[in-house]
Amino acid sequence: MEKIKKGDVVGRKSYNKDIYFKVMDIYGGIGEKEYCKLKGIHYRLFADSPLEDLVKIDSAELAQHLREQTMKSSEHMNRIFARRERDRELVFGRAVQHGHNNKASNGNGVNGFEVPGTVLHIDGDSDYLDLCLTTYRQLNIPADGYNIEEEQQYTMVEELLKKHTPDLLVLTGHDGFVKGKTDFADINNYYSSKFFVEAVKAARLYEKSRDDLVIFAGACQSHYEAILKAGANFASSPQRVMIHAYDPVFVVEKIAYTSIYDPISIKEIINGTITGFNGIGGMETRGKYRFGVPKSPY
């Protein structure tokens with residue numbers, strides 16, 4: 001069997017290869033059992049595993065997995081654009097009722113422009129950050145992103161909020177419930193949850209209002225209750241399950257493109273994610289989208 005090395009993509013035999021991981025480090029000395037530090041490829045999960053429990057994923061199997069993930073993301077994107085078109089018609093109609101009517105403009109009689117909510121995304125994983133920033137661009141969401149390790153995010157978040165003044169803040173990366181622990185209420189039993197809590201608290205010192213700054217925070221298996229209590233609008237993970245890399249993007253997209261007139265159904269937001277209610281939860285939040293008229297010809 002080919003020897004597993006740092007950087008390889010692997011699955012855990014004891015979990016029937018349910019999640020694909022990248023090997024970040026291999027540790028253990030002579031005469032000791034070797035272990036690997038693992039990072040999820042598409043799920044925001046840290047894990048440790050005995051080397052003997054891992055199997056390397058061959059190139060064909062990995063390619064198939066990547067195709068399946070791409071198709072899943074594309075299906076979500078198509079649903080998002082279809083929903084936006086329906087919502088746009090409602091907003092245009094509301095603008096006409098308020099007297100913004102220009103017969104020389106489009107078929108709806110409204111010559112307007114869109115201003116979606118802006119996003120500051122701080123991610124502990126550079127690969128996931130790049131994927132999310134690409135997705136923001138595809139979804140026409142103005143976003144700035146920074147790769148900052150989870151334990152350092154609280155030291156940087158206020159400075160970045162002052163620099164970018166976003167409508168929405170995403171604090172994420174990797175997390176996980178430490179193997180061998182049993183108390184899910186103890187935040188010290190998680191890899192990164194306490195860091196997300198501190199980062200949310202720091203952000204709330206900058207902006208107290210959950211309406212003025214909407215915050216999503218957490219990763220796989222994160223301490224959901226503690227993160228919400230710290231001041232987040234949305235967090236992971238109510239059932240301590242894995243969340244998908246794109247789930248934070250799909251949460252903030254719905255908020256960024258829902259009118260400021262409208263509170264958003266929590267069910268609508270969570271249904272728009274890949275993981276669903278087991279992985280994502282939150283509280284009532286208003287939209288950040290604004291419709292403007294008239295559109296300048298310049």
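Each remark here, short or long, concerns the structure printed above.
The text that follows walks through the structure, step by step, so that each part is easy to find. For clarity, every value in this text was computed on a predicted model and none was experimentally measured.

Focus: the side chain of serine 237
Part 1 of the argument: The topology assignment puts serine 237 in the loop between β11 (234–235) and α6 (247–256).
Part 2 of the argument: Non-local contacts of serine 237, meaning those with residues more than four positions away in its chain, are made with Ala219, Gln221, Ser222, Tyr224, Asn278 and Gly279.

Concerning the sheet that holds strand β4 (residues 46–50)
Part 1 of the argument: Here we have 5 strands laid out as an open sheet, ordered β4-β3-β2-β1-β5, and antiparallel in their pairing. Unpaired on one side and paired on the other, β4 and β5 (54–56) mark the two borders of the sheet. Taken over all neighbouring pairs, the strand axes of this sheet differ in orientation by 45° on average, direction set aside.
Part 2 of the argument: Of the pairings in the sheet, the one linking strand β1 (residues 9–12) to β5 comprises 3 bridges and is antiparallel in character.

As for unusual backbone geometry
Excluding glycine, most residues fall at negative phi; most peptide bonds, likewise, are trans.
Part 1 of the argument: With an omega dihedral of 0°, the bond running from serine 236 to serine 237 counts as a cis peptide bond.
Part 2 of the argument: A positive phi angle, near 60°, is found at asparagine 16, a position not held by glycine.
Part 3 of the argument: Among the structural elements, asparagine 16 can be located in the loop between β1 and β2 (21–27).
Part 4 of the argument: A positive phi angle is found at arginine 240, which is not glycine, with a value near 60°.
Part 5 of the argument: A relative accessible area of 11% means that arginine 240 is categorised as buried.

Quick look at the sheet that holds β11
Part 1 of the argument: Pairing in this open sheet of 6 strands is mixed, and the strands run β8-β7-β9-β10-β11-β13 from one edge to the other. Every other strand in the sheet has two partners, leaving β8 (143–147) and β13 (281–282) as the edge strands with one partner each.
Part 2 of the argument: Strands in contact with helix α2 (residues 126–138) are β7 (119–123), β8 and β9 (168–172); relative to β8, the strand with the most contacts, it is inclined by about 175°.
Part 3 of the argument: Along the sheet face, α6 touches β7, β9, β10 (214–217) and β11 and points at about 175° away from the line of β9.

A closer look at the pattern of salt bridges
Opposite charge on two side chains permits pairing when their charged atoms draw close.
Part 1 of the argument: With the rule as written, the count across this model stands at 13 salt bridges.
Part 2 of the argument: In this structure, aspartate 48 and lysine 37 form a salt bridge, with 3.5 Å as the shortest nitrogen-oxygen distance. One end of the pair, aspartate 48, is in strand β4; the other, lysine 37, is in strand β3 (residues 35–40), with 11 residues separating them in the sequence.
Part 3 of the argument: Under the relative-accessibility criterion, aspartate 48 is labelled partly exposed at 21%.
Part 4 of the argument: The class of lysine 37 is partly exposed, set by a relative accessible area of 38%.
Part 5 of the argument: In this structure, lysine 39 and aspartate 127 form a salt bridge, with 3.4 Å as the shortest nitrogen-oxygen distance. Placement of lysine 39 in strand β3 and of aspartate 127 in helix α2 is noted, with a sequence separation of 88 residues between them.
Part 6 of the argument: Overlapping salt bridges bring together Lys22, Lys39, Asp125 and Asp127 as one network.

A look at the pairing of β7
Part 1 of the argument: Of all 5 residues in β7, 5 are buried, a share of seventy percent or more.
Part 2 of the argument: Going residue by residue along β7, you find Val119, His121 and Asp123 tucked away on one face and Leu120 and Ile122 tucked away on the opposite face as well.
Part 3 of the argument: In this region the chain leaves β7, passes through α2 and returns to the parallel neighbour β8; the handedness of that crossover is right-handed.

Comments concerning the environment of tyrosine 43
Part 1 of the argument: Take tyrosine 43: it is sitting in the loop between β3 and β4.
Part 2 of the argument: In sequence terms tyrosine 43 and aspartate 127 are 84 residues apart; their C-alpha atoms lie 12 Å from each other.
Part 3 of the argument: With sequence-adjacent residues up to four places away left out, tyrosine 43 is seen in contact with Ile19, Lys72, Tyr128, His174, Cys220, Met242, Ile243 and His244.

Let's talk about the nonpolar core
Part 1 of the argument: Formed by 42 residues in total, the largest nonpolar core has its most connected members in Leu38, Tyr136, Phe234 and Ile255.
Part 2 of the argument: No other element matches the 6 residues that α6 contributes to this core.
Part 3 of the argument: Counting 25 residues, the second-largest nonpolar core is a separate cluster that includes Val200, Ala203, Ala226 and Ile227.

Here we look at the packing of aromatic side chains
Part 1 of the argument: Scanning all chains against the criterion turns up 6 aromatic pairs.
Part 2 of the argument: Measuring from ring centre to ring centre gives 5.9 Å for tyrosine 27 and tyrosine 35, while their planes differ by 20°; the resulting arrangement is stacked.
Part 3 of the argument: Its relative accessible area of 31% is what places tyrosine 27 among the partly exposed residues.
Part 4 of the argument: An angle of 70° between the planes, with centres 5.1 Å apart, marks the rings of phenylalanine 177 and tyrosine 190 as edge-to-face. With phenylalanine 177 in the loop between β9 and α4 (193–206) and tyrosine 190 in the loop between β9 and α4, this residue pair connects regions lying 13 residues apart in the sequence.
Part 5 of the argument: Given the relative accessible area of 14%, phenylalanine 177 is considered buried.
Part 6 of the argument: Ring pairing ties together the aromatic residues Phe177, Phe184 and Tyr190, which thus form one cluster.
Part 7 of the argument: A cation sits over an aromatic face here: arginine 12 above tyrosine 15, 3.9 Å from the ring centre.
Part 8 of the argument: Stacked on the ring of phenylalanine 195, the Lys or Arg lysine 194 has its end atom at 5.1 Å from the ring centre.

Conventions adopted
- Residues numbered from 1 in each chain as written.
- Predicted model: local features only at pLDDT ≥ 70, side-chain atom pairs only at ≥ 80, totals over all residues.
- Heavy atoms only, no water.
- Helix = DSSP H or I, 4+ residues; strand = E, 2+ residues; numbered from the N terminus.
- Contact = heavy atoms within 4.5 Å.
- Pairing = 2+ DSSP bridges.
- Axes fitted to C-alpha atoms, helices over the stretch in contact; angles between N-to-C directions.
- Buried < 20%, exposed > 50% of the residue type's maximum accessible area, 1.4 Å probe, protein only.
- Salt bridge = Lys/Arg side-chain N within 4 Å of Asp/Glu carboxyl O.
- Right-handed = clockwise from strand over helix to strand, strands pointing away.
- Core = buried A, V, L, I, M, F, W, Y, C linked by side-chain atoms within 4.5 Å.
- Phe/Tyr/Trp six-rings, centres within 6.5 Å; stacked < 30°, edge-to-face > 60°.
- Lys NZ or Arg CZ within 6 Å of the ring centre and 35° of its normal.

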